[in-house]
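Chain residues, written in single-letter form:
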Amino acid sequence: MSRYTRQSGFTIVELLIALGLGLFLSAGIVALYIQSKNTFWQDEELARLQENGRYAVQLLLREARMAGFLGGVENPEGINKTPMLAVGNDCGADWGLDVAIPLEIVDSAAADLSGTYACFTTDIVANTDVIAVKRVLDRPVIDNGVWADGHNALVDDRIYLRTNNRGLGVALFGKGSDAAFDTGLGGGIVALDPDAVKADPTLGTLVNIWEYQVSLFHIADNAQGIPSLARYTLEADGDISNREILVEGIDDMQFELGIDDDGDGQPERFVAAATN
């Protein structure tokens, strides 16, 4: 006697329904993944913009604080400017060496600044501020007659400030190739033997040489057309250097000036740079 076992399975309709549900769930998972990925990249771009913004603010803040730093020189107007630095191609009548005004702000500048700075004619982003800072770099090239680490010569086309007696004596500007650095200070620009000075500090000359820098910070498009914080520096012949892109993604720069009305060292109000 034979026994037959009845077998059952999914019908076509059931398979189609299961397939449809699977596709629906897969589409939802894919959509969720794409949304999560887009959110991640948006957060990443926002974080990068915020980081760039913070860096740009800190950089400009430090430059503004360092404006007028001249290696200890107390009387900037007493610095001797050698004839070799009377450059006619400066931003205006030896403007770069006018350290009595170490910080300048141009409010809502035009795209062409040649009317304000003769050396600055390259396009910038219009209606953004420009800040000019004049100072020496943080550390001297020659400190107390000894070459600083990483230095063994002056660069011919750069401007240097040479001081005597830690800034309290004679001070003068000159190019790296300028023999006028010898004037009034003695010893020329040849630094003393470091080992001799370390063995006997009395051999120190109290002569410091600092690299001098004039920077013009502005907003300009980079090679990809992205607005960025950029900088020009003034060279010894009065020309501006090639534009240096510092921070990308900065499309505007506006400054306000604090006004101390009562002389207590604290600003009572803030105004735009062009406000009287």
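Worth saying up front: this structure is predicted, and the values here are computed from it rather than measured.

Asker: With reference to specific residues and values, describe the nonpolar core.
Answerer: Of all hydrophobic cores here, the largest spans 29 residues; its most connected members are Tyr 117, Phe 120 and Tyr 212. When contributions to this core are tallied by element, the ones reaching two or more residues are β2 (103–109), β3 (128–136), β6 (159–164), β7 (171–175) and β8 (207–221). Ranked by the residues each element gives to this core, the list is headed by β8, at 4 residues. Ignoring sequence-local partners within four residues, the contact set of Phe 120 consists of Asp 112, Leu 113, Ser 114, Val 130, Leu 216, His 218, Tyr 232 and Ile 240. Ala 56, Ile 131, Ile 219 and Met 253 belong to the second-largest nonpolar core, a separate cluster that totals 13 residues.

Asker: Go over the packing of aromatic side chains, please, and point to the residues and values.
Answerer: Counted under the stated rule, the structure contains 2 aromatic pairs. A ring pair is formed by Phe 69 and Trp 210, whose centres lie 5.5 Å apart and whose planes are at 90°; its orientation type is edge-to-face. Note that Phe 69 is positioned in the loop between α1 (12–66) and β1 (80–81) and Trp 210 in strand β8, a separation of 141 residues in sequence. When its relative accessible area of 7% is taken as the criterion, Trp 210 is described as buried.

Asker: Tell me about the pattern of salt bridges, and please be specific about residues and values.
Answerer: One side chain can pair with another of opposite charge once the charged atoms of both are near each other. Summed over the entire model, instances satisfying the criterion amount to 7 salt bridges. For Arg 135, the salt bridge goes to Glu 63, with nearest N and O atoms at 3.0 Å. Note that Arg 135 is positioned in strand β3 and Glu 63 in helix α1, a separation of 72 residues in sequence. Judged by relative accessible area, Glu 63 falls into the buried class, the value being 8%. When salt bridges with common partners are traced through the structure, they connect Arg 62, Glu 63, Arg 135 and Asp 138 into a single cluster.

Asker: An account of the confidence of the model for the protein chain is requested, with residue identities and associated values reported.
Answerer: In the predicted model, the protein chain carries a mean pLDDT of 79, and the fraction of residues at 70 or more is 79%. Across the protein chain, the element-wise mean pLDDT spans from 66 in helix α2 (residues 194–199) up to 92 in β3.

Asker: Provide a residue-level description of the pairing of strand β9 (residues 227–233), including the pertinent values.
Answerer: Burial runs high along β9: 6 of the 7 residues are buried. Pairing of β8 with β9, which is carried by 7 bridges, proceeds in the antiparallel orientation. Paired with Ser 215 across the two strands is Thr 233, which belongs to β9. Counted between consecutive antiparallel strands, the loop separating β8 from β9 contains 5 residues, among which Gly 225 sits at a positive phi close to 80°. For β9 and strand β10 (residues 244–248), the ladder comprises 4 bridges, and the chain directions are antiparallel. Counted as the bridge partner of Ala 230 is Ile 245 from β10.

Asker: So what about the side chain of Ser 228? Which residues, and what values?
Answerer: As for its position among the elements, Ser 228 is in strand β9. The buried category is assigned to Ser 228, whose relative accessible area is 0%. Discounting chain neighbours no more than four positions away, the residues touching Ser 228 are His 218, Ile 219, Ala 220, Asn 222, Ile 245, Val 247, Glu 248, Gly 249 and Ile 250.

Asker: Can you break down a negative patch on the surface residue by residue, with the values?
Answerer: Negative charge collects at one region of the surface, where Asp 260, Asp 262, Asp 264 and Glu 268 lie side by side. When you line up the elements, Glu 268 lands in the loop between β11 (256–259) and β12 (269–272).

Conventions we followed
Residues numbered from 1 in each chain as written. Predicted model: local features only at pLDDT ≥ 70, side-chain atom pairs only at ≥ 80, totals over all residues. Heavy atoms only, no water. Core = buried A, V, L, I, M, F, W, Y, C linked by side-chain atoms within 4.5 Å. Buried < 20%, exposed > 50% of the residue type's maximum accessible area, 1.4 Å probe, protein only. Helix = DSSP H or I, 4+ residues; strand = E, 2+ residues; numbered from the N terminus. Contact = heavy atoms within 4.5 Å. Phe/Tyr/Trp six-rings, centres within 6.5 Å; stacked < 30°, edge-to-face > 60°. Salt bridge = Lys/Arg side-chain N within 4 Å of Asp/Glu carboxyl O. pLDDT = per-residue confidence, 0-100. Pairing = 2+ DSSP bridges. Patch = residues over 30% accessible without salt bridge, like charges linked within 9 Å, V, L, I, M, F, W, Y side chains within 5 Å. Areas by Shrake-Rupley, 256 points an atom, 1.4 Å probe, with all protein chains shown as cover. Lys, Arg positive; Asp, Glu negative; His and termini not counted. Charge placed at Lys NZ, Arg CZ, Asp CG, Glu CD.

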